[in-house]
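Spelled out, the chains give:
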Amino acid sequence: MAQVDLHTHSSASDGELSPSELMALAHKLGLSTIALTDHDTVAGLAEAAQAAHAHGIECIPGIEIEIDFEPGEFHLLGYGIDPQSAPLLDATQRLGNARHERNEAILELFANAGFQLDTIKISELSRESYIGRPHLADLLVKARCVRTRQEAFDRYLGKGRPFYIKKSCLPLEEALSVIKAAGGVPVVAHPYSLFVSKSMLGTLFSRWKDMGIEGIEAYHPTAKFGQCVILERMAHERGMFVTAGSDFHGKARPECGLGRTAGNMAIDSCYRDALVSALSHPAAQK
Ligand code: AMP
Ligand code: FE
Ligand code: FE
Ligand code: ZN
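Residues numbered from 1 in each chain as written. Chains lettered and ligands numbered in written order. Predicted model: local features only at pLDDT ≥ 70, side-chain atom pairs only at ≥ 80, totals over all residues. Heavy atoms only, no water.

## Structural notes on the coordination of the zinc ion (ligand 4)
Six octahedral donors at a metal ideally form angles of 90 or 180 degrees, and four tetrahedral donors ideally form angles of 109.5 degrees. Under the convention used in this document: Only nitrogen, oxygen and sulfur atoms qualify as donors, provided they sit within 2.8 Å of the metal or within 3.2 Å for Na, K and Ca; with water excluded from the atoms, sites may seem incomplete. Sites are called tetrahedral only when four donors show all angles between 85 and 135 degrees, square planar or octahedral only when four or six donors show opposite pairs over 155 degrees and all other angles between 65 and 115, and irregular in any remaining case. In DSSP terms, a helix is any run of H or I states spanning at least four residues, a strand is any run of E spanning at least two, and both are numbered starting from the N terminus. Three exposure classes are used, based on accessible area relative to the maximum for each residue type with a 1.4 Å probe and protein chains only: buried under 20%, partly exposed in between, and exposed over 50%.
The coordination sphere of the zinc ion (ligand 4), as far as protein atoms go, consists of H7 (NE2), H9 (NE2), E64 (OE) and D247 (OD), spread over 2.0 to 2.2 Å. If you look at the zinc ion (ligand 4), its four donor atoms make angles of 82 to 175° with each other, and the shape they trace is irregular. In primary sequence terms, the donor set of the zinc ion (ligand 4) follows H-x1-H-x54-E-x182-D. A distance of 5.0 Å spans the gap from the zinc ion (ligand 4) to the iron ion (ligand 2). Here D247 lies in the loop between β7 (241-244) and β8 (260-261) and H7 lies in strand β1 (residues 3-8), a separation of 240 residues in the sequence. Note on H7: relative accessible area 0%, which makes it buried.

So, in structure tokens, the structure goes:
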């Protein structure tokens, strides 16, 4: 049984491993397909494609974009995107600028609260364009204000905590048009993070389908396996395809092992096949 992973992060966003290291690990674990879906950036895709080729692995270029939504978090995956797409690069640039402003504002909150972090420049937190709360959390760990990245989120940076500042995100329509302009197929990531009831999710699935979203990431390690099966059924009832991923970030999230999803299930290549068939479907390219 071929094993795959359709949701991973590299050091181009907030993952631990470089795209090359990620592909080397995938090779070591015997995975046949990896989709790299870094937050708000395509900066890791070229290296990922090259490394995947060297290891004989299929690499599906992707991205994960946060969408304006309340009460929870809405993440939209885009698969099969062209990393050179001008509208896509324009959007990632704007998202990067918005992040930069927000990071500065959060650092100011740190400073006002008396945290001694001012010797560290924000530009040194990551070699890539994406710098986010995970990097700020690491700063707090380095300054010994907290022991772990998770503790930094739980005490300071998570939604509703004292140093949380809302990030400006893309409206759904805009994210969809950017992904489609890049030749990609949009898939809603980990729907339970939207924090709405199941009946509301059903309503949203139907609305998304009408808007041109064809896929749902039903399987994600943060949800119970049985709950994922329910999502899979809800998606299939609406004629949507289903994907599965680990949301691999490296050591920072040990519960998300590469190639494994909810219930520690090894991710079967049938989920890759459903995605690839949508990628080759002309309706998806509109
Ligand atoms: P940002 O895009 O800067 O808001 O950071 C979002 C990223 O921070 C997510 O993709 C996760 O990797 C991480 N994150 C968000 N909330 C939490 C949390 N409560 N605990 C741990 N990590 C989190
Ligand atoms: Fe992340
Ligand atoms: Fe996500
Ligand atoms: Zn993710």
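## Comments concerning the packing of helix α3 (residues 86-112) against helix α6 (residues 172-181)
Rule in force here: Only the contacting stretch of a helix is used when fitting its axis, a line to C-alpha atoms as for every element, and angles between N-to-C directions run 0 to 180 degrees. Should an angle fall under 35 degrees it is called roughly parallel, over 145 degrees roughly antiparallel, and 65 to 115 degrees roughly perpendicular, with every other angle called oblique. Note on contacts: a residue pair is in contact if any heavy atoms of the two residues lie within 4.5 Å.
For the pair α3 and α6, the least separation of the axes is 8 Å and the interaxial angle reads 140°. On the basis of the axis angle, α3 is oblique to α6. Contact residues: α3 offers P87, L88, A91 and R94, while α6 offers E174, V178 and A181.

## Considering the environment of L201
Relative to the assigned elements, L201 resides in helix α7 (residues 198-211). For L201, a relative accessible area of 0% gives the class buried. Residues L201 and M234 lie 33 residues apart in sequence; the distance between their C-alpha atoms is 8.9 Å. For L201, the contacting residues outside a window of four places in its chain are P191, Y192, V196, L231 and M234.

## Let's talk about the packing of helix α1 (residues 19-28) against helix α2 (residues 45-55)
What counts here: For any pair of crossing helices, the crossing counts as left-handed if the nearer helix is rotated counterclockwise from the farther one by less than a right angle, and right-handed if it is rotated clockwise. Under the grouping applied here, Gly and all other residues not named as nonpolar or charged are polar, the nonpolar ones being Ala, Val, Leu, Ile, Met, Phe, Trp, Tyr, Cys and Pro and the charged ones Asp, Glu, Lys and Arg.
Packing of α1 against α2 brings their axes to within 8 Å, and their N-to-C directions diverge by 30°. Accordingly, the angle class assigned to the pair α1 and α2 is roughly parallel. Handedness of the α1/α2 crossing: right-handed. Within the contact between the two elements, α1 uses P19, S20, M23, A24 and H27 and α2 uses E47, A48, A51, A52 and H55. Counted by class, the contact of α1 with α2 contains six nonpolar, three polar and one charged residues.

## Here we look at the site of ligand 1
For the record, the criterion: Near residues are defined by distance, with any heavy atom within 4 Å of the molecule or strand qualifying the residue. Throughout this description, a polar contact denotes any pair of N or O atoms lying within 3.5 Å of each other; where both atoms belong to protein, one of them has to be capable of donating a hydrogen while the other can accept it, and for residues adjacent in sequence the pair is counted only when both atoms sit in side chains. Per-residue and other accessible areas follow the Shrake-Rupley method at a 1.4 Å probe size, with only the shown protein chains counted as cover for residues.
Taken together, 13 residues form the shell around ligand 1, and within it D14, H39, R99, R133 and K167 come nearest. Between an oxygen atom of ligand 1 and a side-chain N or O atom of R133, the distance comes to 2.8 Å. Burial of ligand 1 by the surrounding chains reaches 83%, relative to a free accessible area of 510 Å². If you list the elements that add at least two residues to the shell around ligand 1, you get α3, α4 (133-142) and α5 (149-157). Its residues assigned to classes, the shell around ligand 1 comprises three nonpolar, four polar and six charged.

## Looking at the sheet that holds strand β6 (residues 215-219)
Defined as follows: We treat two strands as partners when DSSP finds at least two bridges between them.
Strand order in this open sheet of seven strands is β1-β2-β3-β4-β5-β6-β7, and the pairing throughout is mixed. Either end of the sheet is taken by a strand with one partner, and the two such strands are β1 and β7. Within the sheet, the average angular offset between the axes of one strand and its neighbour, ignoring direction, is 30°. Sitting on the sheet, α1 touches β1, β2 (31-36) and β3 (58-67), and the angle it makes with β2 is about 155°. Along the sheet, α6 contacts β3, β4 (74-79) and β5 (185-188); its crossing angle with β4, the most-contacted strand, is approximately 15°.

## What to know about the nonpolar core
Going by this rule: Here, nonpolar core refers to any group of buried Ala, Val, Leu, Ile, Met, Phe, Trp, Tyr and Cys residues whose side-chain atoms link them within 4.5 Å.
Counting residues in each nonpolar core, the largest one holds 66 residues, and the members touching the most others are L76, Y79, F205 and W208. Here Y79 is in contact with L6, H7, A35, T37, I60, P61, G62, G184, V185, V187, L275 and L279, once residues within four sequence places are set aside. With 14 residues, the next largest nonpolar core counts F115, L117, L136 and F163 among its residues.

## Quick word on the pairing of β3
For β3, the tally of buried residues reaches eight of 10 residues, placing the bulk of the element in the interior. Taken together, the four bridges between β2 and β3 define a ladder with parallel strand orientation. Within β3, the residue paired with L36 across the bridge is P61. Sheet analysis places β3 next to β4, joined by six bridges and oriented antiparallel. Bridge assignment links I65 to a residue of β4, and that residue is L76. With antiparallel pairing between neighbouring strands as the criterion, β3 and β4 make up a hairpin whose turn holds six residues.

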